[in-house]
Amino acid sequence: MNSVLGRRTRILAATTATAGLLLVAGCSSDSGGGKATAKGVPLVKAGQLTTCTHLPYPPFQSEIDGKVQGFDVSLIDLVAKNLGVKQTIVDTPFENFKTGAFLNSGQCDLAAAGMTITAERKKNVDFSDPYFDATQAVLVDKKSGINSLADVKSKGKKLGAQAQTTGEDYATKQGFDPVSFESSDAVLNGLRTGQVQAVIIDYPVVQGWLKDKANSDAFKVVDNLNTGEQYGFTVKKGNTKLLAAINEAIKDAKGDGTYKKLYEQWIGPYEASAASAAPSAS
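Residues numbered from 1 in each chain as written. Predicted model: local features only at pLDDT ≥ 70, side-chain atom pairs only at ≥ 80, totals over all residues. Heavy atoms only, no water.

### A few points about empty space enclosed by the protein
Enumeration over the complete set of coordinates arrives at four cavities of 30 Å³ or more. Counted as a void, the largest cavity has a volume near 100 Å³. Lining the largest cavity are 13 residues; nearest its centre among them are Y57, F94, A113, G114 and T165. Within the lining of the largest cavity, the residues separate by chemical class into four nonpolar, seven polar and two charged. Roughly 50 Å³ of internal volume is contained in the second largest cavity. Lining the second largest cavity we find C52, T92, N96, F97, G100, F102, L103, C108, A111 and T234. Elements supplying a minimum of two residues to the lining of the second largest cavity: α2 (95-99) and α3 (101-104). Per-class residue counts for the lining of the second largest cavity are six nonpolar, four polar and no charged. (1 Å grid on protein atoms, 1.4 Å probe; cavity = no way out; pocket = protein on both sides within 12 Å on 5 of 7 lines; lining within 4 Å. Points joined across faces, edges and corners; volume = space filled by probe spheres on them. Nonpolar A, V, L, I, M, F, W, Y, C, P; charged D, E, K, R; others polar. Helix = DSSP H or I, 4+ residues; strand = E, 2+ residues; numbered from the N terminus.)

This is how it looks when you write it as structure tokens:
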């Protein structure tokens, strides 16, 4: 039922020219008192900005042609570039983002994982300014006879969600006992194989899935739930210098058109209400 991918920690950084997983955005760093820094920002490793994520979660981060790419990756590349260092990605279990474990242990400088800002999570980590407005989508098998989230319950169908996410939390609060999957890929596979007949997950992820004709032929969105969610990047509590650098990069990207360009590249057509627009018929 659950995928075990991501249960292990693996550093996605190139050790050979062919690996291609090192995200380069400059190469200089400062150092002071034996502690690595870049332009006054403390780093866990000299010369690099180490980002914890959980793969795959397209279009925010996933491995494409041997390289980790996506909307989150591109935005953090801007932070790394401003600091004059390279970004390195570390794949970790999503549940650790709630506790800030890998930030506290010094394994990563920040976490970027399409993570919703919540009061509960703020107890353990510091969030950046919001960089993305998100909604939850209900995706179903076209043959299921389901036309809404309410139908899932009334017709006794199985609902799936990614473990430790706000989608899973929302389903539970609505009285469901969702089948938990380790990754977004596992969620989609659960729908494909009939383990579940409907899934609830972030709408941008569903948008990405439905770009594939095989998926759009088999599945459809029946509900788009505006839960008021916003994504943020996280740092270890008290890491004000890195937080300021992240917020500055987000602000600059929105101001100079870079954010719009990256949004259109990874998410889709950009407009003020793009993230909360009603799904198109499929």
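And the narrative resumes.
### Details of the pairing of strand β8 (residues 86-91)
Counted residue by residue, β8 has five buried out of six residues, so it is predominantly covered. Judged from the six bridges that link them, strand β5 (residues 48-53) and β8 form a sheet pairing that is parallel. The residue bridging L49 from the neighbouring strand is Q87, located in β8. (Buried < 20%, exposed > 50% of the residue type's maximum accessible area, 1.4 Å probe, protein only. Pairing = 2+ DSSP bridges.)

### Some thoughts on the confidence of the model for the protein
Per-residue pLDDT for the protein has a mean of 83; in total, 84% of the residues score no lower than 70. Within the protein, strand β2 (residues 30-32) has the poorest average pLDDT of any element, 35, and helix α1 (residues 71-83) the best, 98. Note on residues 1-34: pLDDT is under 50 here. Beyond four places in sequence and across chains, it has 94 contacts. Below pLDDT 50 for its whole length, residues 273-282 participates in 20 contacts with residues either more than four positions away or in separate chains. (pLDDT = per-residue confidence, 0-100. Contact = heavy atoms within 4.5 Å.)

### Describing the packing of aromatic side chains
According to the stated counting rule, one finds 14 aromatic pairs in the structure shown. Each ring, one from F60 and one from F71, has its centre 6.2 Å from the other, and the planes form 70 degrees; the classification is edge-to-face. Of this pair, F60 sits in the loop between β5 and β6 (62-64) while F71 sits in helix α1, placing them eleven residues apart in sequence. The buried category is assigned to F60, whose relative accessible area is 0%. With a relative accessible area of 0%, F71 lands in the buried category. (Phe/Tyr/Trp six-rings, centres within 6.5 Å; stacked < 30°, edge-to-face > 60°.)

### Looking at the pairing of strand β12 (residues 159-162)
Judged by which residues are buried, β12 turns out to be covered on both faces: L159 and A161 on one side and G160 and Q162 on the other are all buried. Where β12 meets strand β14 (residues 198-202), two bridges bridge the pair, whose relative direction is parallel. Residue pairing in the sheet places G160 in a bridge with V199 of β14. Note that β12 and strand β13 (residues 179-181) share three bridges and pair parallel. Bridged to A161 within β13 is S180.

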